[in-house]
Amino acid sequence: MTPLSSRPATDTVATGNTLLWNSEADTQAFAVRLADALQAVGGDVFIALHGDLGAGKTTLVRHLLCALGVTGRIKSPTYAVVESYALPAFAVWHLDFYRFNDPQEFEDTGLRDIFVSSGLKLVEWPEKAEGHLPAADWQLHLSSAGETSRMVQLRRYSVRGAQLWSACTGP
Ligand SMILES: Nc1ncnc2c1ncn2[C@@H]1O[C@H](COP(=O)(O)OP(=O)(O)O)[C@@H](O)[C@H]1O
Ligand SMILES: [Mg+2]
C-alpha cells in the first residue's frame, strides 16, 4: 500500500502543552489564533481531535471555521462523516468517524483521497479509523473540567505542527 503522506517523516519527539479554556469564549479565542496561524503556515495541516461526546470538538471546529471566513450554518459531520469547505486560501475537510463500526469503513467510504490532498483536515474520533490515517500534525485531547471549562492536551508531532504552534504563540 502506498504511504498516505508524501511529507518527509520526522523523528522529532512530540512536544506539547496543557491548555485550560474556562469558557466557550476562551475556546473561541484559541480558534481565532489558530485560524491566523493556519493562514500563516498555508493550511496543509491534519489536526486530530480526541475527547468524549460533549467535550467540545465540534464547538472548537465551528469557531475555527467561522474565524477562517466560513459563513452560514456549520453542520456537524456526525451523520455525513465529512463536510468540506473551499476557502480562498485552502480547502478544509471536517470529518467525524464516530459512527464507524470498523476502521475499514475509512477505505470503503473513499476518504483516503482527502488525506493525500493539500488542505486542512480536522478529524473527530480519529481512533475509529485507527491504522488508516496518516500521522497527525497536532493531536488535541479535550476533556470537561466543569460546565464550561475544558482541559486540552495539545501534542505536536511534525515540523509543520511545530511551525503552527509557533505561529499561534508568536508575537
Ligand atoms: N469552553 C468550552 N469549549 C467548548 N464547548 C463548550 C465549552 N463550554 C461549554 N461548551 C459546550 O459543550 C458542548 C460541546 O459539544 P460539542 O462541541 O458538540 O462536543 P463534541 O463534538 O466533542 O461531542 C457544546 O454545547 C458547547 O456549547
Ligand atoms: Mg462532535
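Residues numbered from 1 in each chain as written. Chains lettered and ligands numbered in written order. Predicted model: local features only at pLDDT ≥ 70, side-chain atom pairs only at ≥ 80, totals over all residues.

J.: So what exactly am I meant to see when it comes to the packing of helix H1 (residues 24–41) against helix H2 (residues 57–67) here?
T.: In helix packing, the relevant descriptors are the interaxial angle and the interaxial distance, both defined with respect to the helix axes. Put simply, H1 and H2 touch, their axes get as near as 8 Å, and they point 45° apart. As the angle between them shows, H1 and H2 are arranged oblique. Regarding H1 and H2, the two cross each other, and that crossing is right-handed. Contact residues: Glu24, Thr27, Gln28, Ala31, Val32, Leu34 and Ala35 in H1; Thr59, Leu60, His63, Leu64 and Ala67 in H2. Tallied by class, residues from the contact of H1 with H2 come to seven nonpolar, four polar and one charged. (Axes fitted to C-alpha atoms, helices over the stretch in contact; angles between N-to-C directions. Helix = DSSP H or I, 4+ residues; strand = E, 2+ residues; numbered from the N terminus. Parallel < 35°, antiparallel > 145°, perpendicular 65-115°, else oblique. Left-handed = near helix turned anticlockwise from the far one by under 90°. Contact = placed C-beta atoms within 7 Å. Nonpolar A, V, L, I, M, F, W, Y, C, P; charged D, E, K, R; others polar.)

J.: I tried to follow helix H5 (residues 159–169) on my own but got confused; where do I start?
T.: Each α-helix winds once per 3.6 residues, and so residues spaced three or four apart point in a common direction. Taken together, the buried positions of H5 are Gly161, Leu164 and Trp165. For H5, the buried positions fall inside an angular range of 100° around the axis, keeping them on one side. Summarising the contacts, the buried residues of H5 are in contact with H1, strand S6 (138–144) and strand S7 (150–156). (Buried ≥ 20, exposed ≤ 12 C-beta atoms within 10 Å, placed from the backbone. Arc of directions from axis to C-beta.)

J.: Looking at this model, I keep getting lost on the nonpolar core. Mind explaining?
T.: Looking at soluble globular proteins, one finds that nonpolar side chains tend to be buried together. Within the largest apolar cluster, 35 residues are counted, with the highest numbers of intra-cluster contacts made by Ile47, Leu49, Leu64 and Leu122. Of all elements in the fold, only H1, strand S2 (46–50), H2, strand S4 (91–96), strand S5 (120–124), S6 and H5 reach the threshold of two or more residues within this core. Among the elements that take part in this core, H1 stands out by supplying five residues, more than any other. Not counting chain neighbours up to four residues away, the residues in contact with Leu122 comprise Ile47, Leu49, Val61, His94 and Leu95. (Core = buried A, V, L, I, M, F, W, Y, C linked by C-beta atoms within 7 Å.)

J.: Would you explain the environment of Ala37 in this entry?
T.: Mapped onto the secondary structure, Ala37 falls in helix H1. Note on Ala37: 19 C-beta atoms within 10 Å, which makes it partly exposed. Distance from Ala37 to Leu164, taken between C-alpha atoms, is 5.9 Å for residues 127 residues apart in sequence. For Ala37, the contacting residues outside a window of four places in its chain are Leu164, Ala167 and Cys168.

J.: Sorry if this is basic, but what is going on with unusual backbone geometry here?
T.: Even without being a glycine, Val81 presents a positive backbone phi close to 75°. Positionally, Val81 belongs in the loop between H2 and strand S3 (82–86). A positive phi angle, near 55°, is found at Trp125, a position not held by glycine. Within the element layout of this structure, Trp125 appears in the loop between S5 and S6. The class of Trp125 is partly exposed, set by 19 C-beta atoms lying within 10 Å.

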